[in-house]
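One letter stands for each residue in the lines below.
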Amino acid sequence: MNSPSIAFLLPSFIGQKSVQRREFLDKLNGLVTEKVLVILDSQEEEEERWGNLILVKLDHKRLLGDGFRLSLSAALNFGVEKVVTFENYSIENVSWFKNYLNGGNLIETGKRNFREMLVTEISNLLSFGNAYNNFSFNRILTKEAATLLRDTKLTGKSFMVESINTLNAHGIHTTEIIRSDYGKDKKKINMAEMAESIIKSFNKTSINYSLISSFSYLINLLMVYASLSLGFFYPVAVLLGGEISGISNFIVNEKLNFKNKGFLSSAYRFGKFNAFVLGVVAFDILLISFISRYLLVVGKTDFAVISTFSIVFVSAVSLFLTNKMIWGTGNHQRIFL
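Here we summarise the structure given alongside this text. (Residues numbered from 1 in each chain as written. Predicted model: local features only at pLDDT ≥ 70, side-chain atom pairs only at ≥ 80, totals over all residues. Heavy atoms only, no water.)

## Thoughts on the side chain of Asn29
- Mapped onto the fold, Asn29 is located in helix α1 (residues 18-31).
- For Asn29, the side chain forms a polar contact with the main-chain nitrogen of Asn52, separated by 2.8 Å.
- Once you skip the residues sitting within four places of it in the chain, Asn29 turns out to touch Arg49, Trp50, Gly51, Asn52 and Leu53. (Helix = DSSP H or I, 4+ residues; strand = E, 2+ residues; numbered from the N terminus. Polar contact = N/O pair within 3.5 Å; in protein donor to acceptor, adjacent residues only side chain to side chain. Contact = heavy atoms within 4.5 Å.)

Encoded structure:
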C-alpha cells in the first residue's frame, strides 16, 4: 500500500517506562497485518524492531488535549482514514481495537467511578447527548470525526467529553461498547475538571433551549394565575397553562432551535411531547394536592407559594425527561456486552 490507512495515537507515551513502551509496541506490531502509523511523543531508538509500525515522533506536550490535537493533525496530514486511541498503555489494553476496526466511530468503555458518571449524565442533559461514559479514551475515529476534533480547544480529560458533544452536534453517529468485565476506574477527576467538563457541555442549542424553556415557564405561571383570577378550578388552570406553554415551547424548539424538518416526524414528536405535557400536568395537580393536604395549612397567601413551588419543581424534573424522550439527538448508540 502507498500510505497507511490507520494511525494509532499515543500522546503522553513518554510518561511510561522504557520497558513498558517497548512491550506495548511489540504487542501492537504483532497485532497489525499491514503498515500503520504510530504517532507518539517519545524517542524510541529501535525502529527496525517494529516492522509493521511507522513511527512518527512528536514533541512532548504536557497537556493531554494538546497532545491529542497535535496527533490528530499529524494523522490527517498523512491521509489516514481512521485513528485509534488508548485509555492506557498496559499490555492488557493494547488489543482492545482488534474486533472493531471495520466499524465507524466507536468507544469502548466499562464501569466508571461516581464522579465520572455524574459528569457524564449532567453533560448529557446539557448537550442532549446519551453517552454512558464520556471519559473513556479507547476510541476509533473516522477521518470526518478526527477533522472536527482536531479543532477543539479543550485540554485534559474534558477534551474527550467535548468530543462526544461535538460529534453529536454535527450529526455524526457514534457507538459505545460497554463491557461488563471492565472494573470501575480508580482514577478520580478533580473538581476543576468536573466543572470544566460540565460548563463546556453547553452549546448554542442548549443555551437557546434554556432561554426558550425559561420563557415557557413564565407563560405557564402567567396562564395559571390568570386562569385562577378568572375563577377557573385549579386543575383546569394548570391544564390550560401547561398546554399553551407546551405548544409554544415545542414549535419554537422544533423548527427554530433544533431545525427539524418534515411534517410527519414533527407530528410524531409533537404527539409524544403533548402526551408528556399532559402527564406532567397530572403529576403537578397530584403534587400540589398532596402538599396542600398533608404538609401545610393552606391560606390564600400560602396557596400562591405552594403553586409556584410545584410548577418550578415539576418543570425541573420535566426538563431532564424531555431532553431524554423528545429532544435527544439519538446520534450515540449504547451496546452492553
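Right, picking up where we left off after that structure.
## Section: the nonpolar core
- Within the largest apolar cluster, 25 residues are counted, with the highest numbers of intra-cluster contacts made by Phe8, Leu10, Val38, Leu53, Phe86 and Phe97.
- For this core, the elements supplying multiple residues, two or more each, are β1 (6-10), α1, β2 (36-40) and β3 (53-57).
- Broken down by element, this core gets its largest block of residues, four residues, from α1.
- Ignoring sequence-local partners within four residues, the contact set of Leu10 consists of Phe24, Leu25, Val38, Ile39, Leu40, Asp41, Phe86 and Tyr89.
- Phe68, Leu72, Ala75 and Leu149 belong to the second largest nonpolar core, which has 20 residues in total. (Core = buried A, V, L, I, M, F, W, Y, C linked by side-chain atoms within 4.5 Å. Buried < 20%, exposed > 50% of the residue type's maximum accessible area, 1.4 Å probe, protein only.)

## Observations regarding helix α6 (residues 191-199)
- Here α6 has its buried residues at Met194, Ser197 and Ile198. One side of α6 carries all its buried residues, which in axial view fall inside an arc of 95°. The outward face of α6, more than 90 degrees from its buried face, is lined by the exposed residues Ala192 and Ile199. (Arc of directions from axis to C-beta.)

## Comments concerning the side chain of Arg139
- Mapped onto the fold, Arg139 is located in strand β6 (residues 138-142).
- Summary of buried charges: Arg139 has no salt-bridge partner, and the nearest side chain of opposite charge, Glu176, is 6.8 Å away. (Lys, Arg positive; Asp, Glu negative; His and termini not counted. Salt bridge = Lys/Arg side-chain N within 4 Å of Asp/Glu carboxyl O.)

## A look at the sheet that holds strand β7 (residues 174-178)
- Pairing within the open sheet is mixed, and its eight strands lie in the order β3-β2-β1-β4-β6-β5-β7-β8. Looking along the sheet, the strands with just one partner apiece sit at the ends: β3 and β8 (332-336). Sheet twist, expressed as the average angle between the axes of neighbouring strands with direction ignored, equals 20°.
- Along the sheet, helix α4 (residues 143-150) makes contact with β4 (82-85), β5 (105-109) and β6, crossing β6 at roughly 105°. (Pairing = 2+ DSSP bridges. Axes fitted to C-alpha atoms, helices over the stretch in contact; angles between N-to-C directions.)

No statement about biological role is implied by the geometric values presented.
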